[in-house]
Amino acid sequence: MAQPKRLPAEFYTDYLSDLAKERKPGPIRGLYPLETLPGMISLLAGKPNSATFPLTSVSIKSRSPTDPSVEVTTEITGKALAEGLQYGPTAGLTNLSNWFYGLQEREHDRKKGEGWRMSIGSGSQDVIHKAILALVNPGDSVLVESPVYAGVLPSFESTHCEYVPVPTDAEGIKSGSLRDILESWPASKPKPKVLYTVPYGCNPTGMTATEERRREVLALAREHNFLILEDDPYYYLYYGDAPRPPSYFSLERELPEFGRVIRFDSLSKILSSGIRIGFACGPEPIMNVIDMHTAAASLQTPSLTQAIAFALFDAWGYDNFKAHTLAVSQFYRGKRDVFEKYMKQYLDGLAVWDAPEAGMFFWWVTPRLPLVEFSSQVMYRFKLLLPSADGEGEQDSESLIRTRAVEKGVLALPGTVFLPNGGKTPYVRASFSLLDEADVEEAIKRLRAVVLEAKGA
């Protein structure tokens with residue numbers, strides 16, 4: 001069997017935006033690697049002398065991944081603290097980067113040295129934003145799953161690109177629809193270079209893409225020459241009974257050549273959202289541009305938060321990291337079960353639904369009017385099918401959620417914010433990740449009142 005080959009560096013030239021092609025390495029940071037050469041005496045960087053830093057140690061306490069009743073203390077001192085207090089490499093501290101490389105090999109069977117590399121950012125949103133600017137020019141057409149994570153839209157909009165929404169269902173991106181879009185593309189217009197997707201516990205729909213759909217999308221990426229931005233903050237929040245489907249990053253390794261997937265991971269859902277650490281993995285030419293952007297904008301992701309994360313992960317090891325993430329996923333499975341319990345109690349006969357297998361959403365449907373859908377993530381998403389003002393079609397959820405629901409004491413997001421090109425929709429997204437059981441029950445009771453009132457019951 002022939003081994004897959006990586007795409008050559010020059011392959012990505014046509015994918016880079018004009019802005020990316022104009023970026024140059026910083027005159028100082030571009031020379032940082034030379035400081036590590038044996039015998040080198042560096043007069044290069046204006047780094048402050050660490051003798052003036054008042055911190056002498058950092059101590060963190062955490063719950064044991066295998067026994068939450070046990071509290072473990074981790075100390076950061078000596079060389080590790082010195083690295084955490086000083087300027088560091090733009091792409092991330094070496095120790096933390098290497099730990100993440102090991103994680104990607106274990107989780108996705110992607111080894112260091114295969115033509116891809118990593119860049120650590122201030123949260124995955126940071127590196128996603130920089131990747132978008134590296135790949136999209138004004139006027140470019142961009143494929144985005146629809147509904148789409150609303151938080152990514154401002155980054156795309158800043159490039160003045162044109163959205164091409166790709167429909168999704170419970171199995172992920174509808175590959176047949178994607179094929180139709182690409183095969184009917186006007187010959188006079190450049191095809192999209194990028195597809196954006198959240199494949200596990202998607203925000204807002206809660207879908208987890210099946211392996212079959214992922215393979216079909218990867219085949220289309222190869223056939224029509226586009227790159228896949230795999231935004232995956234909910235990868236470790238999968239709690240389905242069946243084995244977790246492999247990632248795009250993993251599956252592309254089985255293609256005749258690889259290098260079309262740029263993957264984004266996050267610590268926000270599994271360690272801390274406030275620590276602001278995420279990382280991108282992808283072809284070196286694209287990671288190089290992301291790093292040049294970082295160097296110009298903020299120099300690097302803060303060294304101290306990276307040092308804290310590495311100290312914790314190094315103390316745990318990969319097996320305990322896995323134990324921790326499994327505990328996190330089961331926590332959200334419990335949240336799902338509580339929410340569904342009260343849906344059965346208060347919405348039986350008013351709604352039907354499928355229990356999600358990842359993230360923090362439900363997807364529920366009410367027979368006749370209104371129809372309510374929920375999705376699977378830290379948030380719930382639901383769809384209200386109500387008569388429109390003229391008695392025909394569906395009513396937009398915007399006014400219902402911003403008026404009637406608020407009057408009943410329930411806050412949620414109208415679905416229109418998740419449509420790439422806007423427009424009316426009966427969809428709604430609501431978050432449940434922070435609610436205790438009593439608040440879940442009360443929220444569902446209030447939603448029941450909203451539904452009954454809308455039906456005129």
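Residues numbered from 1 in each chain as written. Predicted model: local features only at pLDDT ≥ 70, side-chain atom pairs only at ≥ 80, totals over all residues. Heavy atoms only, no water.

**Points about the pairing of strand β11 (residues 261-266)**
- In terms of residue burial, β11 counts as a mostly covered element, since six of its six residues are buried.
- What you see with β11 is no split at all: V261, R263 and D265 on one side and I262, F264 and S266 on the other are buried throughout.
- With four bridges connecting them, strand β9 (residues 227-231) and β11 associate as parallel partners. Residue pairing across strands places L229 opposite I262, the latter belonging to β11.
- Sheet topology places β11 next to strand β12 (residues 278-283); four bridges connect them, and they run antiparallel. Paired with D265 across the bridge in β12 is F279. (Buried < 20%, exposed > 50% of the residue type's maximum accessible area, 1.4 Å probe, protein only. Helix = DSSP H or I, 4+ residues; strand = E, 2+ residues; numbered from the N terminus. Pairing = 2+ DSSP bridges.)

**Some remarks on the sheet that holds strand β6 (residues 162-169)**
- Pairing within the open sheet is mixed, and its eight strands lie in the order β4-β12-β11-β9-β8-β5-β6-β7. What marks the edges here is a single partner per strand, and that holds for β4 (116-121) and β7 (172-173).
- Across two bridges, strand β5 (residues 141-146) lies against strand β8 (residues 194-197) in parallel orientation. The partner of L143 across the bridge, within β8, is L195.

**Looking at the environment of R110**
- Within the secondary structure, R110 sits in the loop between α3 (94-108) and β4.
- Ignoring any residue separated from it by four or fewer positions in sequence, one finds R110 in contact with Y101, Q104, E105, W116, F249, E252, R253 and F258. (Contact = heavy atoms within 4.5 Å.)

**Concerning the state of the cysteines**
- What the rule picks out here adds up to zero disulfides.
- Residue C161 stays outside any disulfide, its sulfur separated by 18 Å from that of C202, the closest cysteine. (Disulfide = S-S within 2.5 Å.)

**Some remarks on the nonpolar core**
- F100, L135, F156 and L178 are the most contacted members of the largest nonpolar core, which totals 101 residues.
- By residue number, the principal contributor to this core is helix α10 (residues 303-347), which donates 14 residues.
- In this structure F156 touches I132, V136, V142, V144, C161, Y163, Y196 and L229, once residues within four positions along its chain are discounted.
- Core analysis: the second largest hydrophobic core is formed by six residues, L400, I401, A405 and V428 among them. (Core = buried A, V, L, I, M, F, W, Y, C linked by side-chain atoms within 4.5 Å.)

**Here's the deal with the pattern of salt bridges**
- In the structure shown here, the tally under the stated rule is 28 salt bridges.
- R117 is paired through a salt bridge with D291; the nearest N and O atoms lie 2.6 Å apart. Residue R117 is found in strand β4, and its partner D291 is found in helix α9 (residues 284-297); the two are separated by 174 residues along the sequence.
- Salt bridges here are not isolated pairs; linked through shared partners, they connect R110, E114, E252 and R253. (Salt bridge = Lys/Arg side-chain N within 4 Å of Asp/Glu carboxyl O.)

**Topic: the confidence of the model for the protein**
- Of the residues in the protein, 90% reach a pLDDT of 70 or more, and the chain-wide mean stands at 88.
- Scored below 50 in pLDDT, residues 365-381 makes 122 contacts in the model with residues more than four places away or belonging to other chains. (pLDDT = per-residue confidence, 0-100.)

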